Amino acid sequence: MSLGLTAECPNPALIEGFLHHKLRLARPAPEPTPANLVVAGRLVSFMTHGGRARSGVLTFVPDNDAGCIPVTSFLGATMLGMQKLQRAPLLREDGWIDTLIVLDVCGA
C-alpha cells in the first residue's frame, strides 16, 4: 500500500518506508490520547544533539508555515508517536544520523 507521498517530501520513498516500519511497530494508544504523546495537531518542543530547543506543530498536511512540522519530513516522521523526554535517532537530509529529544508536548 502506497501512502501517496509527493515530491514535496525530501525523499518520498525513504520516508514512506520509514512510516510503514513505524506502523508495523505501533500499538493502539489508550483513549483519550495521553498528553505526553506526539500526534498530529500537537505543539512539540524538541532539540537535536547539541542544538537549541525549538518547537512546532506536527501536521499531516505540509504547510509553508515555519511553525509546521510535516509528518512527511524526516523530523516529523521520527517524532510521530514519541513521548515527552524520549530520544530517538534522526536521519538528516545530508545522510548523517543525529539524536532527536522531545522536550515537551502540548495541545489536544
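Structural data are supplied above this passage.
What comes next concerns the included structure. Please read all numbers here as calculations on a predicted model, not as lab measurements.

Some points on the sheet that holds strand S5 (residues 97–106)
Strands sit in the order S3-S2-S1-S5-S4 across an open sheet of 5 strands; the sheet is mixed. Each end of this open sheet is capped by a strand with a single partner; those strands are strand S3 (68–70) and strand S4 (87–91). The average angle at which neighbouring strand axes cross in this sheet is 45 degrees, direction not considered. Both strand S1 (residues 43–48) and S5 contribute to a ladder of 6 bridges, which runs antiparallel. Looking at S5, one finds that Thr48 is bridged to Leu100.

As for the nonpolar core
Of all hydrophobic cores here, the largest spans 18 residues; its most connected members are Val38, Phe46, Leu75, Met79, Met82 and Leu100. It is helix H2 (residues 74–79) that provides the largest number of residues to this core, a total of 4 residues. Sequence-distant contacts of Met79, that is, excluding residues within four places in its chain, are made with Lys22, Val38, Val44, Phe46, Leu58, Ile69 and Leu100.

A few points about the side chain of Thr78
Note that Thr78 resides in helix H2. Separated by 2.7 Å, the side chain of Thr78 and the backbone oxygen of Phe74 make a polar contact. Not counting residues within four places of it along the chain, the set of residues in contact with Thr78 comprises Phe18, Lys22, Ala88, Pro89, Leu90 and Leu100.

Calculation rules
- Residues numbered from 1 in each chain as written.
- Predicted model: local features only at pLDDT ≥ 70, side-chain atom pairs only at ≥ 80, totals over all residues.
- Heavy atoms only, no water.
- Pairing = 2+ DSSP bridges.
- Helix = DSSP H or I, 4+ residues; strand = E, 2+ residues; numbered from the N terminus.
- Axes fitted to C-alpha atoms, helices over the stretch in contact; angles between N-to-C directions.
- Core = buried A, V, L, I, M, F, W, Y, C linked by side-chain atoms within 4.5 Å.
- Buried < 20%, exposed > 50% of the residue type's maximum accessible area, 1.4 Å probe, protein only.
- Contact = heavy atoms within 4.5 Å.
- Polar contact = N/O pair within 3.5 Å; in protein donor to acceptor, adjacent residues only side chain to side chain.

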